[in-house]
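Fold and contact review
In case you want the letters, here they are:
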Protein chains: 2
Amino acid sequence: MMAWMNRESLEETLATERVCYWSRSRQKLWRKGESSGQVQQLRELRLDCDGDTLLLLVDQTGPACHTGRRSCFYNAVQGDRVVVVTEPLIDPDQLYGK
Amino acid sequence: MMAWMNRESLEETLATERVCYWSRSRQKLWRKGESSGQVQQLRELRLDCDGDTLLLLVDQTGPACHTGRRSCFYNAVQGDRVVVVTEPLIDPDQLYGK
């Protein structure tokens, strides 16, 4: 998955070792798994060579994606089509307790 | 590594299967490996769940990072320090023929 962090979410993540992002759409801290239970335990936080991208190595509880898939990157380009290449581990309605 | 693409770089990448990014600083197509020889052969191109992030699975020739490291993500946060956790495969001066 790809998500955004700001200083506050980064500081919280490093302090608690539970991953917290910054939701740009909701303009608030997004404690990953808060509503779904699919938390991320931080193993290591890395910065890239020019220091503007972070890579988080995590222990992921269940799926990371809101669609119930392990990864958000489940659409593959094949020729002139986009094909879904992985299936949900769990029904998203179940994930969010609907 | 993380880099940017625009429509033109994406179309070229899919057509040639040699990865081409968009350099925002230079405002031009960045054919990865053009000066260093460290090209990326596309294996699969994926889109994420909301279609605003791409994940490229590639065969990387040598290091991907301009520092001569395999990966750009070689700085790890350890306590209150940032520690370099991988060493270059090759001297960057050699990489760029200086």
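These figures come from a predicted structure and were not determined experimentally. Residue positions are counted from 1 within each chain, in the order its sequence is given. Ligands are numbered from 1 and chains lettered from A, in the order in which they are written. Where totals are concerned, whole chains, interfaces and linings use all residues; where local detail is concerned, this predicted model gives features only for residues with pLDDT of at least 70, and gives and counts side-chain atom pairs only at 80 or more. Excluding hydrogens and water, the side-chain figures rest on all heavy atoms present in the structure.

Turning next to the pattern of salt bridges. In the sections that follow, a salt bridge refers to a side-chain nitrogen of Lys or Arg positioned within 4 Å of a carboxyl oxygen of Asp or Glu. Within this structure, the stated rule accounts for 8 salt bridges over all chains. Of the charged contacts in the structure, one is a salt bridge between B:E44 and B:R46, with a shortest N-O distance of 2.6 Å.

Our next topic: helix α1 (residues 7-16) of chain B. Residues and elements named next belong to chain B. Only protein chains enter the accessibility calculation, which uses a 1.4 Å probe; a residue whose area is less than 20% of its type maximum is buried, one above 50% is exposed, and one in between is partly exposed. Only runs of H or I of at least four residues qualify as helices and only runs of E of at least two qualify as strands under DSSP, and these elements are numbered from the N terminus. All of the buried residues along α1 are S9, E12 and T13. Buried residues of α1, viewed axially, fall in a sector of 100°; they line one side. For α1, exposure combined with an orientation more than 90 degrees from the buried face picks out R7 and A15. Every residue pair with non-hydrogen atoms within 4.5 Å of one another is taken to be in contact. Contacts made by the buried residues of α1 are with β1 (20-23), β2 (28-31), β3 (40-47) and β4 (54-60). Among the residues trailing α1, E17 stands out with phi positive, at a value near 65°. Each C-beta atom gives one direction from the helix axis, and the arc is the one those directions make.

This paragraph deals with the environment of B:L95. Residue position: B:L95 is located in helix α2 (residues 92-95). B:L95 sits 45 residues away from B:D50 along the chain, and the two C-alpha atoms are 37 Å apart.

It is worth spelling out the interface of chain B and chain A at this point. One widely used convention gives an interface's size as the accessible area the parts lose upon coming together. Across the contact, 23 residues belong to chain B and 23 residues belong to chain A. One can count 0 salt bridges joining chain B with chain A. Definition of a polar contact: a pair of N or O atoms within 3.5 Å, with one able to donate and the other able to accept a hydrogen when the atoms are protein atoms, and with sequence-neighbouring residues admitted only if both atoms are side-chain atoms. On inspection of chain B and its partner chain A, the count reaches 10 residue pairs in polar contact (both at pLDDT 80 or more). Listed by contribution, the elements that provide at least two residues to the side of chain B that touches chain A are β3, β4 and β5 (75-78) of chain B. Amino acid classes used here: Ala, Val, Leu, Ile, Met, Phe, Trp, Tyr, Cys and Pro are nonpolar; Asp, Glu, Lys and Arg are charged; the rest, including Gly, are polar. Taken together, the residues of the side of chain B that touches chain A sort by class into 15 nonpolar, 5 polar and 3 charged. When DSSP finds two or more bridges between a pair of strands, those strands are recorded as paired. Bridge analysis of strand β5 (residues 75-78) of chain A against β3(B) gives 2 bridges, and the strand direction is antiparallel. When the bridges of β3(B) are listed, A:A76 appears paired with B:R46.

What follows covers the sheet that holds β3(B). Taking strand neighbours across the sheet as the criterion, the 4 strands line up as β6(A)-β5(A)-β3(B)-β4(B) in an open arrangement whose pairing is antiparallel. Strands at the two margins of the open sheet, each flanked by one partner only, are β6 (81-84) of chain A together with β4 of chain B. Strand after strand, the sheet turns through a mean of 35° between neighbouring axes, direction not considered. The sheet contact formed by β5(A) and β6(A) spans 4 bridges and is antiparallel. Paired with A:Q78 across the strands is A:R81, a residue of β6(A). Axes here refer to lines fitted to C-alpha atoms; in helices the fit is confined to the stretch in contact. Angles between the N-to-C directions go from 0 to 180 degrees.

With that settled, the discussion passes to the packing of aromatic side chains. Residue and element names in this part refer to chain A. Note on aromatic contacts: the rings of Phe and Tyr and the six-membered ring of Trp form a pair at centre separations within 6.5 Å, being stacked when their planes are under 30 degrees apart, edge-to-face when over 60 apart, and tilted otherwise. The full count for this structure, using the stated rule, is 2 aromatic pairs over all chains. Between Y21 and W30, the aromatic rings sit 5.4 Å apart at their centres with planes inclined by 50°, giving tilted as the arrangement. You can call Y21 buried: its relative accessible area is 7%. The class of W30 is partly exposed, set by a relative accessible area of 26%. The residue whose ring lies beneath R69 is Y74, and the NZ or CZ to ring-centre distance is 3.9 Å. Each ring is checked for a lysine NZ or an arginine CZ that lies within 6 Å of its centre and within 35 degrees of its normal; such an atom marks a charge sitting over the ring.

A few words on the sheet that holds strand β3 (residues 40-47) of chain A. Across the sheet, which stays open at both edges, the 4 strands sit in the order β4(A)-β3(A)-β5(B)-β6(B) with antiparallel pairing between neighbours. Edge positions in the open sheet fall to β4 (54-60) of chain A together with β6 (81-84) of chain B, since each of these has one partner strand only. Sheet twist, expressed as the mean angle between neighbouring strand axes with direction ignored, is 35°. Strands in contact with helix α1 (residues 7-16) of chain A are β3 and β4 of chain A together with β5 of chain B; relative to β3(A), the strand with the most contacts, it is inclined by about 120°.

Residues and elements named next belong to chain A. Burial along strand β1 (residues 20-23) is two-sided: C20 and W22 facing one way and Y21 and S23 facing the other are all buried. Note: β1 against strand β2 (residues 28-31), 4 bridges, orientation antiparallel. Across the sheet, Y21 pairs through a bridge with W30, a residue of β2.

Any link to function would need more than the numbers given here.
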